[in-house]
Amino acid sequence: MSVHIMDKLAEDMYPVENVGLEGEKQTTSEYVNLISLVIKKAKNQREYKKYVDMLGMLTLAYYKHLGSIEHATNVVYSIFENANGVADVKAHYDALMKSEKEGQSDHEQARSKISSTLLNDYSKRFGNEKAESYNVLVLQSWISKVENVNELAILLENIINTRDKIGNSWDYEVHVVPILLEKAFDAEALADYATSTTNFIAGMGKRLKDNYLAVMTAVKILEMGDSPKVMKKYIRDMIKEDSKRIDQLNMELAVINSGHLSKLRNIVKAAELKRELYSLTKQVDELMNGIDPKELMLESTKR
């Protein structure tokens, strides 16, 4: 191999732009060590060329896995050092490529399964005709943007939960999901955002008796906030208002139940109060999902 080609290989594998002097020395040293090892291993010029070809391919492959030239180089050096010949190195590379392919296959199968689950659930709830439109106009517009299968699984659970709480998730997926994907920096943050947003929309939808308006209110809150804490603050406000109404209902029921005659006269009103009390208590329980009770108590104390 000519000096020019070797220099080009070194430049491609170990770019030194925008790095300090120490970084340049380190990458150059790693390259020299690898080439020195290849020279020692190679029995002739033909074998040397094969080693160098495998060197570049393996380093690139491990760089994609590890995200670090230094770490990739260390792994490749170890592989070359322990190899009994070019065949060993190639066998390792082939195994790595096979593993990647199988991993991609598993990844695609998981994505396909999640996509089918969302589509089938929509079809069961709203019919095949609407499901076809949903798939083309909604599902395919955001699902391709989610690279992480764990995050896709989080959204699957969240969307099914949203459908259970407010019915059709069409508006939620069109307007909210893209913002969640933009705002969340990891799977944990995505789960936190998704849970709090769904709970807010469910609670606000019942108050406004308009789920679309609740979704768009959530969009505005998400746009102005930089963490799930902002959405949770509004949820805590709803919990406190609902709790006040629950206290009021309990007082009214206590007055009605204070005497036998009063209970008989107000039997219909008492039933209505109990229904409202049950609905509000259930709503507060749902809103509390993902809310730290200590934060709620602390905020109430401050006020």
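In this text, all values refer to a predicted model and were calculated from it rather than measured experimentally.

> I'd like to hear about the overall build of the protein chain, residue by residue, with values.
The number of helices and strands found in the protein chain is 14 helices and zero strands. Listed by position from the N terminus, the elements making up the protein chain come as α-α-α-α-α-α-α-α-α-α-α-α-α-α. Burial statistics for the protein chain: of 303 residues in total, 37% are counted as buried. When contacts within the protein chain are restricted to residue pairs at least 6 apart in sequence, those whose partners lie at least 24 apart make up 66%. Counting every atom, the protein chain has about 18,300 Å² of accessible surface; 53% of that belongs to carbon and sulfur.

> Lay out helix α6 (residues 128–142) in plain terms, naming residues and giving numbers.
Between its first and last C-alpha, α6 extends 20 Å over 15 residues, near the 21 Å set by a 1.5 Å rise per residue. For α6, the principal kink sits at asparagine 135 and spans about 45°. Along α6, the positions that sit buried rather than exposed are Ala131, Tyr134, Val138, Leu139 and Trp142.

> So what about the confidence of the model for the protein chain? Which residues, and what values?
With 83% of its residues at a pLDDT of at least 70, the protein chain reaches an overall mean of 81. Note on residues 1–25: pLDDT is under 50 here. Beyond four places in sequence and across chains, it has 23 contacts.

> Any details on helix α7 (residues 149–166)? Residues and values, ideally.
The terminal C-alpha atoms of α7, which comprises 18 residues, lie 25 Å apart, in line with the 26 Å expected from a rise of 1.5 Å per residue. Residues of α7 that are buried include every one of Glu151, Leu152, Leu155, Leu156, Asn158, Ile159, Thr162, Arg163 and Ile166, and no others. With a side-chain oxygen lying 2.7 Å from the backbone nitrogen of asparagine 150, the N-terminal cap of α7 falls on asparagine 148. Once α7 ends, the next one or two residues include glycine 167, with phi positive near 95°.

> Go over the environment of threonine 162, please, and point to the residues and values.
Structurally, threonine 162 can be placed in helix α7. When sequence neighbours within four positions are dropped, the list of residues in contact with threonine 162 reads Gly167, Ser169, Tyr172 and Thr198.

> Which residues make up the pattern of salt bridges, and what are the values?
Counted according to the given criterion, the structure contains 13 salt bridges. Salt-bridge contacts for aspartate 121 lead to arginine 163; the nearest nitrogen and oxygen are separated by 2.8 Å. Linking aspartate 121 in helix α5 (residues 86–126) with arginine 163 in helix α7, this pair joins segments that are 42 residues apart in sequence. Each member of the pair, aspartate 121 together with arginine 163, is buried. Two residues, arginine 125 and aspartate 164, come together in a salt bridge whose shortest N-O distance is 2.7 Å. In this pair, arginine 125 is assigned in helix α5 and aspartate 164 in helix α7, connecting sequence segments 39 residues apart. A residue is classified by how much of its surface remains accessible, and arginine 125, at 33% relative accessible area, is partly exposed. Through salt bridges with shared partners, a single network forms among Asp121, Arg125, Arg163, Asp164 and Glu173.

> I'd like to hear about the packing of helix α9 (residues 187–208) against helix α11 (residues 228–256), residue by residue, with values.
Contact geometry for α9 and α11: axes closest at 9 Å, N-to-C directions at 35°. Crossing of α9 over α11 shows left-handed handedness. Here α9 contributes Ala189, Asp192, Tyr193, Ser196, Thr197, Asn199, Phe200, Gly203, Met204 and Arg207 to the contact with α11, which in turn contributes Pro228, Met231, Lys232, Tyr234, Ile235, Met238, Glu241 and Asp242.

> Requested: an account of the nonpolar core, with residues and values cited.
By size, the foremost hydrophobic cluster in this structure holds 49 residues, and its most contacted members are Leu118, Trp142, Tyr172, Val176, Leu180, Phe200 and Ile201. Sorting the residues of this core by element identifies α5, α6, α7, α8 (170–183), α9, α10 (211–224), α11 and α13 (267–287) as the ones contributing at least two each. Setting aside anything within four residues of it in sequence, one finds isoleucine 201 in contact with Ile166, Tyr172, Val176, Ala214, Val215 and Ala218. The next biggest cluster of nonpolar side chains, apart from the first, holds 22 residues, and it includes Leu58, Ala72, Ile79 and Leu96.

> Now, about the side chain of arginine 111: what can you tell me, with residues and values included?
In this structure, arginine 111 sits in helix α5. Among all residues touching arginine 111, those that are not within four sequence positions of it are Ile143, Ser144, Val146, Glu147, Val149 and Leu152.

What counts, and at which threshold
Residues numbered from 1 in each chain as written. Predicted model: local features only at pLDDT ≥ 70, side-chain atom pairs only at ≥ 80, totals over all residues. Heavy atoms only, no water. Helix = DSSP H or I, 4+ residues; strand = E, 2+ residues; numbered from the N terminus. Buried < 20%, exposed > 50% of the residue type's maximum accessible area, 1.4 Å probe, protein only. Contact = heavy atoms within 4.5 Å. Areas by Shrake-Rupley, 256 points an atom, 1.4 Å probe, with all protein chains shown as cover. Expected span 1.5 Å × (residues − 1). Bend = angle between axes of the 7 residues up to and from the residue. pLDDT = per-residue confidence, 0-100. Polar contact = N/O pair within 3.5 Å; in protein donor to acceptor, adjacent residues only side chain to side chain. Salt bridge = Lys/Arg side-chain N within 4 Å of Asp/Glu carboxyl O. Axes fitted to C-alpha atoms, helices over the stretch in contact; angles between N-to-C directions. Left-handed = near helix turned anticlockwise from the far one by under 90°. Core = buried A, V, L, I, M, F, W, Y, C linked by side-chain atoms within 4.5 Å.

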